[in-house]
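Listed below, chain by chain, are the residues.
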Amino acid sequence: MVLLHVLDINPPLLNSSCAWSSNLQQLTELYESPYTGAVTTRTATLLGFKEDNNHTVAFHVEALTTINSYGYSPHPLTEYIEWVKDILISHPLSTKPIIISITASDPQTLAEMVNSIQTLREVLQDGKIGNARIGIELTHRVQISPIPHPRATVSVLTAAYAKDNTLTIGLKLPPYVHKDQFAEVFAVLQSLQNSARYNGSAISFLTCTNTLGNSLLFSEQSISTIESKNEFAVPTGLGGLAGESLHPLALGNVYAFKKLISSQSGAHAALGNIKIIGVGGVTSKAAVERMTKAGADFVGCATLFGKEGVHAFEILGKR
């Protein structure tokens, strides 16, 4: 058994944050599947993201690849907190955790969101190993910096963890293509470690990777979820690429971060305990095995889930 800090994810397979984990029904179906070891919500903002017909997804006509123009979830964090509460209360004997995916444009909003999730954990008495069932994933799509306002965000995360070291926090990262980008992420993680007055790392996991932005598919290359006469697969033209086309880059990101994690020692030895959730092009059991070989401790899936529904996890996990 490999714990994600204090979260027991067994089997080590879960959905990544995506449009198909948006509402209570979808989250409940994921939670009740015996083939998911955890559930990740769609990324929430504090007040919800305004969604319209420009926000959609298209599947490639040949490869199991998608392009999407989605923003964050239209549902505010308060709804996810209520849904997570309902699911966990109605499944009292389950140890399966739910990772609440969030994003914030400024540290003050992030602090408010983290505090709201911590209040939920207090209500559910979620904390000790064996009964911990809630984690936080901070999503950031911009490739220039691993997290927005790094110094202020560092303060928010370290303060939350210092107050409650059972809190499981992770970062969902965009795909990187240059070694300096990986080094920059670890500089942020080291600053978290340096600013902490406790033995441990505020960041328990990295999710590698998010979609590859600024990608383009033409309409003739795709099957869209909406009727459109647009030239492009999604109304915005450019979108985030996922699925099989992203798989080699996702494997490379997992491998690069695993090497950095394994190299940590001395003052930053706690960073060596960071786990990796490998995401990107996990469309078959062979892809799961490749992610594991590259260094992923847990494996996430979205594109196959979008195509097959919750049955995707049986495809990936059934022996």
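Reading guide: rules and limits
Every residue gets a number counted from 1 within its own chain, in the order that chain's sequence is written. With the structure being a predicted model, the display of local features is reserved for residues of pLDDT at least 70 and the display and counting of side-chain atom pairs for 80 or more, all residues being used for whole-chain, interface and lining totals. Side-chain descriptors were evaluated using all non-hydrogen atoms of the structure, hydrogens and water having been removed beforehand. Note on conventions: DSSP H or I runs of at least 4 residues are helices, E runs of at least 2 residues are strands, and numbering of each starts at the N terminus. Three labels apply to residues, based on accessible area from a 1.4 Å probe with only protein chains included: buried if under 20% of the type maximum, exposed if over 50%, partly exposed otherwise in between. Polar contacts, as used here, are pairs of N or O atoms within 3.5 Å; protein pairs need one atom able to donate a hydrogen and one able to accept it. Residues neighboring in sequence count only if both atoms are side-chain atoms. Whether two residues are in contact is decided by their heavy atoms, any of which lying within 4.5 Å being enough. A carboxyl oxygen of Asp or Glu within 4 Å of a side-chain nitrogen of Lys or Arg is what we treat as a salt bridge. To form a nonpolar core, buried Ala, Val, Leu, Ile, Met, Phe, Trp, Tyr and Cys residues must be joined to one another through side-chain atoms within 4.5 Å. Each axis is a line fitted through C-alpha atoms, and for a helix only the stretch in contact is used; angles between axes span 0 to 180 degrees, taken between their N-to-C directions. A clockwise turn of the near helix away from the far one marks a right-handed crossing, whereas an anticlockwise turn of less than a right angle marks a left-handed crossing. Basically, the charged four are Asp, Glu, Lys and Arg, the nonpolar ten are Ala, Val, Leu, Ile, Met, Phe, Trp, Tyr, Cys and Pro, and anything else, Gly included, counts as polar.

Under an unreviewed UniProt entry, the name given to the chain is Dihydroorotate dehydrogenase A (Fumarate), and the organism recorded is Psilocybe cubensis.

Draft legend 1. Region of interest: the side chain of N68. Residue position: N68 is located in strand β6 (residues 65-68). Under the relative-accessibility criterion, N68 is labelled buried at 17%. Of note is the side chain of N68, whose polar atom sits 3.0 Å from the backbone nitrogen of Y70. If we skip the residues at most four places from it in the chain, N68 touches T56, V57, T211, V234, G239 and G240.

Draft legend 2. Broad picture of the side chain of N15. With respect to the helices and strands, the residue N15 is situated in strand β3 (residues 13-15). N15 has contacts with S21, L30, A38, V39, T40, C301, F305 and F313, leaving out every residue within four places of it along the chain.

Draft legend 3. Spotlight on the pattern of salt bridges. Counted by the stated rule, this structure contains five salt bridges. Between E51 and R42 there is a salt bridge; the shortest N-O distance is 2.8 Å. R121 is the partner of D164 in a salt bridge, and the nearest nitrogen-oxygen pair spans 2.8 Å. Note that D164 is positioned in the loop between α4 (150-163) and β9 (169-173) and R121 in helix α3 (residues 107-123), a separation of 43 residues in sequence. With relative accessibility at 2%, the residue R121 sits in the buried group.

Draft legend 4. Representation of the nonpolar core. In terms of nonpolar packing, the biggest core is built from 70 residues, with I102, L189, L206 and F257 touching the most fellow members. Among the elements that make up this core, the one with the highest residue count is helix α2 (residues 77-90) (seven residues). The residues touching I102, leaving out its near neighbours within four places in the chain, are T43, A44, L77, L110, M113, V114, I117, I136, E137, L138 and T139. L7, I9, F205 and F298 belong to the second-largest nonpolar core, a separate cluster that totals twelve residues.

Draft legend 5. Focus on the packing of helix α1 (residues 24-32) against α2. Running from amino to carboxyl end, α1 crosses α2 at an angle of 35°, the nearest separation of the two axes being 10 Å. You can see that α1 and α2 cross each other, and the crossing is right-handed. Across from L24, L27, T28 and Y31 in α1, the residues of α2 making contact are Y80, W83, I87 and L88. Of the residues that constitute the contact of α1 with α2, the class distribution is seven nonpolar, one polar and no charged.

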